[in-house]
Every structure is written in C-alpha cells, then in structure tokens.
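Analysis of the macromolecular model
Each chain, letter by letter, is given below.
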Amino acid sequence: SSSSSSSLKETGEGIDYSHMAMISKLPARALWKWIMVWQAAQVKEGEPDQHFMCAYSDDAKTWTKAIRMPIGKQRGAIPWAPVLRLSGETLTLFFAESSTCMKPGGGVAAIDGADIPRWAPGGDIRFATTRDGFRWSKRVELLTQSYNTGIPKVIANPAIQISQGDHKGTLILPYWEEVPRMSTKREGCPSPDATPSAGALISKDNGRTWKPSESSLTDSETWLIEGTMAELSNSSVLHLFRTSVGEIYKSLSHDGGRTWTKASSTGLPNPNSKIHLLRLADGRLALAYNHDRKYRANLYVAISEDDGENWHLAAIVEKGSESSMYAYPTMVEDECKLYVAYSIMTRRDWKEIQERTAHEPNGGGIYVAEIDLVSGILRGEEAILLNPAPENIEVVEEEMGLSNGSA
C-alpha cells in the first residue's frame, strides 16, 4: 500500500455503527488543527439514537477520544450525513435531519422485537457554524423535505466554490432525493414509486442564502445519489454519482450548477457506494472510490490530469477482504499530503448485529489514511489506467486480479 492509516474508533461506548466520516481543518483560533465528524448509532443506521460524533487532532494521526456532538435535535428527529466546509474563520456543518418519514418496525427482519421503527435517510437540509469547533450556532434550514415532491433530501459530499470565470465565487453543494424502501405508502413518506432526482444547492453570497438548481437529474435505470463535484480547468463543474448499475456516472454543468447534462457512465466501477471527487491545488483531480462493481473493497485513490477523462491509479488505501467493507471515503488536501477518511464495517447479517451489540463490538470503525502527494503516488507502469476503452477492460482487470469481479 502507498498510504499509512490510523483508527479513531471508540468501541467502549456501546456504539456498533459508525459511518459517513468527514474530515476538515478547523479555524485558526481552535484548540486543535483537525476535526473529524461522523454519524453513529448503537445498532443500525436510522434508529432513534443516531447522532453525530467528533474527534480532534493536531496531526491527523493521533486523535482525541470521540465525543458526542452538541448539535441539537428537533422533535426527536435524527441527523444524517455530516458535511464540513471551512471558509476563513468559520467552519460550517451541513447535514440532513429526518423530518416526517419513519420506516415501520417488525416484519421479516424482527428478531425478539428488536427491529424498531427507523427513520428513512434524509429529510430537511440544515447547517450550523462554529469558530472554535466546540460551540455551534443554531441550526438554519437550507432546503425543506417538502420542496418539490416531498421526497427526503440528503447530502454526502462537500460543497465546492468556483474559482474563475463568469461564476467565480459561486458555491455549489450536491444533494439528492432518496425514496425510502417501503412496499406501501406511509404517512409522512413519499409514495414508493415517486421519482427521485439529484441536483445542487447554489449560493452566490458565500453561503448565506441557497437556491436549488433549475434542472435536476433522473435516470430510469438507476438512482443517482451521493453526488460529488469538482471544478474543471474551463470552470465547468463535473458531478459524479454512486449508482446501482455497477458504474460511476457523470454529469456536467457549464453555468455554475444551474443546469446539468444527462448523466452517463465514466467507465469506472462502483459497488453502489459513496465516492469523493476533489480538485487538488495543482489542478489535477483526485477520486476516492471502490474499484469494484459488487463489493465495497479495493478502496483506491485515482488521479486524472485531463479533467476526468482518464483516471490512473495513484494509491491503494485498502484492498479489502470478504469479511469487511471498506467504504465512504472523503478526502482533504493539506500541503503535500492527502488525507482520506473512511469506514470499515464487518459484514454481518441482521441477527448477528443484534446478538453482538451486547457482546463483541463491530471490528470496524472510522479510519484516516495519509498519502504523500510527492513520494507516495504510484507512477509509471504501476499507475494503471482505470477506465480504459470498453474493448480493453478485460486486459486491465486481468492485470489487477479483478477478472472474477470480487475483492
């Protein structure tokens, strides 16, 4: 592996679910240099005890004990998907908050009555700010679940700010709508056959006010979720998506995020799991993702020098195993280092999760990998082209030992 990693999971607090980690530098006046935020629950995502945890560090290697974040909850709702943005002396935490849609408990998954009702992902999108990483402002609503057709709104990746051209200064935050997986319509939830879309929230006043994009993206074959964006060299915006069809999809905006081209495949594999796209200081694009169509394994960082047309392997963060899932990466660049926060989860079925919560905690947790952008990047023949033309894909997969489609 061309990276080093450290773990900051606290396993002694009865928390068996830690996911969707986000890493950022803190404002200069804060006591620490770095903050990590993630969502946590005792057993499973969406349960009523779901909350945000955070930890602090000076070097992104050694972290403080994880603490529960003091972001208040409303009407018993739960928070989802922390997303951080540092601007000057202010750190903003964007998140989704469950609003009205709760999935029923019981049914085929109920074991000893343990399958309690759980909130569906997303709801209203809100934000709060801090100047020291400890004290947070009141929550402000950005987008209500009721906008459009009442489908819960969700976020997963940071906002970007356009640096040049006609839309210089424009902030764009990717979001999507997620229809809960239910067989029948329930009060407070959208119809199971509602059509979800992906879009962007746009701010032209440095984050004070936000508006949804004029066009949104839908695809009849797949959902387009957990979008991630980067500005290209011509100040267009590239928007990449997790899909359910085994490939990362892409869309482009040439007008500061207002309208988007129809989504199409990048040729990169995706096992229906979150990815993260980042424009590096030197203009190259970095992409953290699972190079696999089926399993949350092969957690790679790829680099593109041509605005995302061709992607070459830069670092292997985790190769993965049959027993664990390595997923949900988020990157941040700091001088010549690239830090990748991600989750490791043990593969377990629902019965096992129930039985082991009280005894043996999940073997996973939140991890951070450090990649040296000068000396730690694969070069030459090792920097394999990851999205070759279709006729060459089999050759590349054989070289990488991926021809059986698994980790």
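Located above this text is the structure these notes cover.
In this report, we go over the structure that sits alongside the text. The shown structure was predicted, so the numbers you read here are calculated from the model rather than taken from an experiment.

**Quick word on the overall build of the chain**
Helices and strands together make up the secondary structure of the chain, namely 2 helices and 27 strands. Here the chain, with 407 residues, has 57% of them falling under the buried criterion. Counting only contacts in the chain whose residues sit at least 6 apart along the sequence, the fraction spanning at least 24 positions is 58%.

**Examining the pairing of strand β24 (residues 312-318)**
A large share of β24 lies buried, amounting to 6 of its 7 residues. Examined bridge by bridge, strand β23 (residues 299-304) and β24 share 5 bridges and lie antiparallel to one another. When the sheet's bridge partners are listed, Y300 is paired in β24 with I316.

**Some points on the side chain of T92**
In this structure, T92 sits in strand β7 (residues 90-97). Setting aside its immediate chain neighbours within four residues, T92 contacts V83, L84, R85, F127, A128 and T129.

**Some thoughts on the packing of aromatic side chains**
Summed over all chains, the structure comprises 7 aromatic pairs. Centroid distance F52 to F95: 5.9 Å. Interplanar angle 90°. Geometry classified as edge-to-face. Of this pair, F52 sits in strand β4 (residues 51-57) while F95 sits in strand β7, and the two are 43 residues apart along the sequence. Each member of the pair, F52 as well as F95, is classed as buried. A centroid spacing of 6.4 Å and a plane angle of 85° characterise the contact between Y289 and Y300, whose relative ring orientation is edge-to-face. Of this pair, Y289 sits in strand β22 (residues 285-290) while Y300 sits in strand β23, and the two are 11 residues apart along the sequence. There is no split in this pair, since Y289 and Y300 are both buried. Grouping aromatic residues by their ring pairs yields a cluster made of F94, F127 and W210.

Definitions and cut-offs
- Residues numbered from 1 in each chain as written.
- Predicted model: local features only at pLDDT ≥ 70, side-chain atom pairs only at ≥ 80, totals over all residues.
- Heavy atoms only, no water.
- Helix = DSSP H or I, 4+ residues; strand = E, 2+ residues; numbered from the N terminus.
- Buried < 20%, exposed > 50% of the residue type's maximum accessible area, 1.4 Å probe, protein only.
- Contact = heavy atoms within 4.5 Å.
- Pairing = 2+ DSSP bridges.
- Phe/Tyr/Trp six-rings, centres within 6.5 Å; stacked < 30°, edge-to-face > 60°.

On their own, these measurements won't tell you what the molecule is for.
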